Amino acid sequence: MTVYFIGAGPGDPELLTLKAARLIAACPVCLFAGSLVPEAVVAGAPEGAIVMDTAPMTLEETHAQIVAAHRRGEDVARVHSGDPSLYGAIAEQIRRLKADGIDYEIVPGVPAYVAAAAALGQELTVPEVAQSLVLTRMSMKSTAMPAGETLENFAKSGTTLAIHLGIRALREIERQLTPYYGPDCPLAVVYRVGWPDQVILRGTLSDIHAKVRAAKITRTALILVGPAMSDAHGFPDSALYDAAKPHVLRPKVKAKA
């Protein structure tokens with residue numbers, strides 16, 4: 001018996017990996033986070049399967065369902081939004097599985113920031129503008145952030161930030177980032193990316209709060225901020241395909257057409 005932690009992606013059922021879809025269709029028990037995973041994602045569960053929305057359940061209640069499945073010798077599809085390794089709350093589940101001697105496997109999924117970049121139609125790592133991406137969140141009412149993991153510290157790099165759980169803290173984000181990025185730094189808010197009611201708002205650190213308030217977005221949104229979010233700068237082409245810069249797979253310099 002195995003518990004499969006399955007990344008369902010941000011919401012679009014077509015972003016499920018082939019492995020994820022195969023396992024959901026094979027497991028007699030399917031536990032999914034219904035607040036973030038649409039029912040269409042688990043619609044492929046086998047006939048007669050136990051399919052439970054864990055949104056109203058506690059950690060101990062979901063683990064009890066897994067233990068019961070283990071006693072029956074039934075595999076469990078534990079379906080999470082995005083990719084389980086990012087804010088998936090699987091570490092505490094794995095700790096309990098190990099304590100009970102229950103096997104598990106993690107099946108990666110499409111993270112929200114990847115789907116958001118696709119929805120925005122842009123690259124997050126632009127040559128000589130930003131070559132790093134910081135994934136972080138605001139603490140708000142959730143678990144406290146570790147010491148040193150502050151927006152100010154990340155902002156010192158000047159690179160792209162993907163901020164989770166921050167839509168209700170836009171004023172604080174503006175206050176902390178403006179000294180490093182400037183008030184006109186481009187920013188995008190992507191609400192419920194991959195869902196039918198997806199909303200994309202573009203703006204700057206100084207004006208995005210008003211736009212979000214007008215759109216009445218209060219949850220389930222990702223914030224992407226940094227110079228790479230602009231298409232106004234003249235960045236150089238990547239060296240990867242530069243004819244004048246050979247590499248191991250293209251060892252000879254090619255003349256420009």
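Here, the structure is the one placed above.
Residues numbered from 1 in each chain as written. Predicted model: local features only at pLDDT ≥ 70, side-chain atom pairs only at ≥ 80, totals over all residues. Heavy atoms only, no water.

Asker: Looking at this structure, how should I read the sheet that holds strand 1 (residues 2–7)?
Answerer: Hydrogen bonds between backbone atoms are what pair the strands of a sheet, whose relative direction is either parallel or antiparallel. Taken together, the 5 strands give an open sheet; going across it, the order is 3-2-4-1-5, and neighbouring strands pair in parallel fashion. Each edge of the open sheet carries a strand with a single partner, namely strand 3 (50–53) and strand 5 (103–107). If you compare each strand with its neighbour and ignore which way they point, the axes differ by 15 degrees on average. When strand 1 meets strand 5, the two strands line up parallel, connected through 5 bridges. Opposite Phe5, over in strand 5, you have Ile106 as the bridge partner. Together, strand 1, strand 2 (29–32), strand 3 and strand 4 (76–80) form the strand contacts of helix 2 (residues 59–72), whose direction differs from that of strand 2 by roughly 165 degrees. (Pairing = 2+ DSSP bridges. Helix = DSSP H or I, 4+ residues; strand = E, 2+ residues; numbered from the N terminus. Axes fitted to C-alpha atoms, helices over the stretch in contact; angles between N-to-C directions. Contact = heavy atoms within 4.5 Å.)

Asker: Looking at this model, I keep getting lost on helix 6 (residues 170–181). Mind explaining?
Answerer: Given 3.6 residues per helical turn, the α-helix brings residues three or four places apart onto the same face. Leu170, Ile173, Glu174, Gln176, Leu177 and Tyr181 are the residues of helix 6 that are buried. For helix 6, the secondary structure elements touched by its buried residues are helix 5 (151–155), strand 7 (160–164), helix 7 (208–215) and strand 10 (221–225). Just beyond helix 6, the residue with positive phi is Gly182, at close to 90 degrees. (Buried < 20%, exposed > 50% of the residue type's maximum accessible area, 1.4 Å probe, protein only.)

Asker: Please clarify how the side chain of Arg78 should be interpreted in this entry.
Answerer: On the secondary structure map, Arg78 appears in strand 4. A distance of 3.3 Å separates polar atoms of two side chains, one belonging to Arg78 and the other to Thr54. (Polar contact = N/O pair within 3.5 Å; in protein donor to acceptor, adjacent residues only side chain to side chain.)

Asker: How do you make sense of the sheet that holds strand 9 (residues 199–204) when you look at a structure like this?
Answerer: In spatial order, the strands read 6-7-10-8-9; together these 5 strands make up an open sheet with mixed pairing. Looking at which strands have only one partner, the edges of the open sheet turn out to be strand 6 (133–137) and strand 9. Here the strands of the sheet are splayed against their neighbours by 20 degrees on average, with no regard to which way each runs. Relative to strand 9, strand 8 (residues 186–191) is paired through 6 bridges, and the arrangement is antiparallel. Looking across to strand 9, one finds that Val190 is bridged to Ile200. On the sheet, helix 4 (residues 112–120) packs against strand 6, strand 7, strand 8, strand 9 and strand 10 and is oriented at approximately 70 degrees with respect to strand 10. The strands touched by helix 6 within the sheet are strand 7 and strand 10, with strand 7 carrying the most contacts at an inclination of about 170 degrees.

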